[in-house]
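Read off the chains here:
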Amino acid sequence: MDTTTLSAGHTPLDGASVRTRVTIPLRFADGYEVTAEAVTFRGLADGGEHVALVLGDPSASPAPLVRLHSECLTGDVFGSARCDCGPQLREAVQRIAETGGVLLYLRQEGRGIGLYNKLDAYALQDAGLDTYEANTALGLPEDGRDYTAAAQMLTALGVTELDLLTNNPDKARQLRDLGVAVRFVRPTGVFATDSNVRYLHAKAEHTHHTIELPATAALTALAG
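Here the structure is a predicted model, which means the values were calculated and not measured.

**Examining the packing of aromatic side chains**
Now for step 1: As enumerated under the stated definition, the model contains one aromatic pair in all.
Now for step 2: A ring pair is formed by Phe28 and Tyr32, whose centres lie 6.2 Å apart and whose planes are at 40°; its orientation type is tilted. An identical accessibility class is assigned to Phe28 and Tyr32; each is buried.
Now for step 3: Over the ring of Tyr122 we find Arg82, and its NZ or CZ is 4.2 Å from the ring centre.
Now for step 4: Positioned above the aromatic ring of Phe28 is the side chain of Arg90, whose terminal nitrogen or guanidinium carbon lies 5.7 Å from the ring centre.

**What about the pairing of strand 1 (residues 17-27)?**
Now for step 1: Bridging between strand 1 and strand 2 (residues 33-42) involves 10 bridges; their strand directions are antiparallel. Counterpart to Val22 in the pairing with strand 2 is Ala38.
Now for step 2: Where strand 1 folds back on strand 2, the antiparallel hairpin that results is connected by five residues, among which Gly31 adopts a positive phi of roughly 100°.

**Some details on the pattern of salt bridges**
Now for step 1: Per the counting criterion, the structure on display carries 12 salt bridges.
Now for step 2: Taking the shortest distance from any N to any O, the salt bridge between Arg82 and Asp126 comes out at 3.2 Å. Residue Arg82 is found in the loop between helix 1 (73-77) and helix 2 (85-99), and its partner Asp126 is found in helix 4 (residues 115-126); the two are separated by 44 residues along the sequence.
Now for step 3: Of the charged contacts, one joins Arg173 and Asp177 as a salt bridge, the two residues approaching to 3.1 Å between their closest N and O atoms. One end of the pair, Arg173, and the other, Asp177, are both in helix 7 (residues 169-177), four residues apart, so they sit about a helical turn from each other.
Now for step 4: It is possible to trace a salt-bridge network through shared partners that takes in Asp163, Arg183 and Arg186.

**Describing the environment of Val190**
Now for step 1: On the secondary structure map, Val190 appears in the loop between strand 7 (181-186) and helix 8 (197-206).
Now for step 2: The exposure class assigned to Val190 is partly exposed, which follows from its relative accessible area of 34%.
Now for step 3: Expressed as a C-alpha distance, the spacing of Val190 and Leu200, which sit 10 residues apart in the sequence, is 8.9 Å.

**Some thoughts on the environment of Thr136**
Now for step 1: Relative to the elements of secondary structure, Thr136 occurs in helix 5 (residues 131-137).
Now for step 2: In the structure, Thr136 is positioned 15 residues away from Ala121 in sequence and 9.2 Å away in space, judged by C-alpha atoms.

**Points about helix 4**
Now for step 1: Its 12 residues give helix 4 an end-to-end C-alpha distance of 17 Å, which sits within 8% of 16 Å, the value for a rise of 1.5 Å per residue.
Now for step 2: Inspection of helix 4 places Lys118, Ala121, Tyr122 and Gln125 among the buried residues, and these make up the whole buried set. Angularly, the buried residues of helix 4 cover 110° about the axis, an arc narrow enough to put them on a single face. Across from the buried face of helix 4, at angles greater than 90 degrees, the exposed residues are Tyr116 and Asp126.
Now for step 3: Following helix 4 by one or two positions, Gly128 adopts a phi angle in the positive range, close to 120°.

**Some points on the nonpolar core**
Note on soluble globular proteins: their nonpolar side chains tend to be buried together.
Now for step 1: Counting 28 residues, the largest nonpolar core has Phe41, Leu68 and Leu104 as the members making the most contacts within it.
Now for step 2: Counting residues per element, the ones that place at least two in this core are strand 2, strand 3 (51-55), strand 4 (65-70), strand 5 (101-106), helix 6 (148-156), strand 6 (161-165) and helix 7.
Now for step 3: At six residues, the largest contribution of residues to this core is made by helix 6.
Now for step 4: Apart from residues no more than four positions distant in its own chain, Phe41 is found in contact with Ser17, Val18, Arg19, His50, Ala52, Met153, Ala156 and Leu157.
Now for step 5: One finds Ala38, Leu65, Ala97 and Tyr105 within the second-largest nonpolar core, a separate group that totals 17 residues.

Parameters at a glance
Residues numbered from 1 in each chain as written. Predicted model: local features only at pLDDT ≥ 70, side-chain atom pairs only at ≥ 80, totals over all residues. Heavy atoms only, no water. Phe/Tyr/Trp six-rings, centres within 6.5 Å; stacked < 30°, edge-to-face > 60°. Buried < 20%, exposed > 50% of the residue type's maximum accessible area, 1.4 Å probe, protein only. Lys NZ or Arg CZ within 6 Å of the ring centre and 35° of its normal. Pairing = 2+ DSSP bridges. Helix = DSSP H or I, 4+ residues; strand = E, 2+ residues; numbered from the N terminus. Salt bridge = Lys/Arg side-chain N within 4 Å of Asp/Glu carboxyl O. Expected span 1.5 Å × (residues − 1). Arc of directions from axis to C-beta. Core = buried A, V, L, I, M, F, W, Y, C linked by side-chain atoms within 4.5 Å. Contact = heavy atoms within 4.5 Å.

Here it is in structure tokens:
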């Protein structure tokens, strides 16, 4: 990949550029290992310290596989079972490495509301609200994420067309609205447990994530 922009003319995505590239060997708790090129950027619209992990050979396909992964300290680092973020991250790294592409790790904890607010929302979920109701009860957006910076990162990396790894239709919609060509949307796996099934059910019902939930004890109780 190079650092050309999507077109010769100026667009709102032209302001970002590659800052640093460094090779990092990754090793996950289950023993899976892969080498990634970590890329940082300057000039991102939201000023966030987002990072791209380039995996495999993205140039091997005209449309490399890309995932926009929102940071989840509780799930990605501590293995929280209240969400599916950690397993999705692990799956995405391997799938992207096998075909070639980019994982954008975006500093958007709690769908953009921040870590402390997310934990406050967890307390409200324990009292019976779903993940979206809890955010609005705190006076916060259901989903405050804006993917302009993600589109800038892809532009700076020279990614002009991609296959998007996601169950969230809003990610594809926002990227397309920003001028990024999304060829296909590839669903992630479904990592349902009794601890996160209410959360996944809310995503499927409320924001139409493409999630087919298997039967679990918690889902049976929820339906009842």
